[in-house]
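So the chains spell out like this:
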Amino acid sequence: MISTQLGASGEECAYVADNVSKDFVAPNTLGWRSIRIVRPDGVYRDVPAAAGGSPDHEIESLDELDVLLA
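## Some thoughts on the pairing of strand 2 (residues 33–37)
Here is step 1 of the chain: Within strand 2, four of the five residues are buried, which leaves it mostly tucked inside the rest of the structure.
Here is step 2 of the chain: Relative to strand 2, strand 1 (residues 14–17) is paired through four bridges, and the arrangement is parallel. The residue of strand 2 that forms the bridge with Y15 is S34.
Here is step 3 of the chain: Of the pairings in the sheet, the one linking strand 2 to strand 3 (residues 57–59) comprises three bridges and is parallel in character. Residue pairing across strands places I37 opposite I59, the latter belonging to strand 3.

This is the structure:
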């Protein structure tokens, strides 16, 4: 719905989250760039990824988004 309302293709969209057990399956299916933020003290740091839920990228800080989204 978001990409449709924005008139953006999946390739133009990105999804940023932290829980690989559930967060990335839908964006991956839609062709969005998926970015996991992994913080040293993060609640979901050691959670295994769901089937189809591995992100395209992993970062440790939101400051790293600029490089990925450029």
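There is more to say, and it comes next.
## So, the side chain of N19
Here is step 1 of the chain: Tracing the backbone shows N19 in the loop between strand 1 and helix 2 (25–29).
Here is step 2 of the chain: A distance of 2.5 Å separates polar atoms of two side chains, one belonging to N19 and the other to S21.
Here is step 3 of the chain: Setting aside chain neighbours within four positions, we find N19 in contact with F24, Y44 and V47.

## Let's talk about the pattern of salt bridges
Here is step 1 of the chain: Summed over all chains, the structure comprises two salt bridges.
Here is step 2 of the chain: Linking K22 and D23 is a salt bridge whose minimum nitrogen-to-oxygen distance equals 2.7 Å.
Here is step 3 of the chain: A residue is classified by how much of its surface remains accessible, and K22, at 56% relative accessible area, is exposed.
Here is step 4 of the chain: As a salt-bridge pair, R36 and E58 come within 3.3 Å of each other at their nearest N and O atoms. Linking R36 in strand 2 with E58 in strand 3, this pair joins segments that are 22 residues apart in sequence.
Here is step 5 of the chain: Judged by relative accessible area, R36 falls into the buried class, the value being 6%.

The rules behind each value
- Residues numbered from 1 in each chain as written.
- Predicted model: local features only at pLDDT ≥ 70, side-chain atom pairs only at ≥ 80, totals over all residues.
- Heavy atoms only, no water.
- Buried < 20%, exposed > 50% of the residue type's maximum accessible area, 1.4 Å probe, protein only.
- Helix = DSSP H or I, 4+ residues; strand = E, 2+ residues; numbered from the N terminus.
- Pairing = 2+ DSSP bridges.
- Polar contact = N/O pair within 3.5 Å; in protein donor to acceptor, adjacent residues only side chain to side chain.
- Contact = heavy atoms within 4.5 Å.
- Salt bridge = Lys/Arg side-chain N within 4 Å of Asp/Glu carboxyl O.

These values are about where atoms sit, not about what they do.
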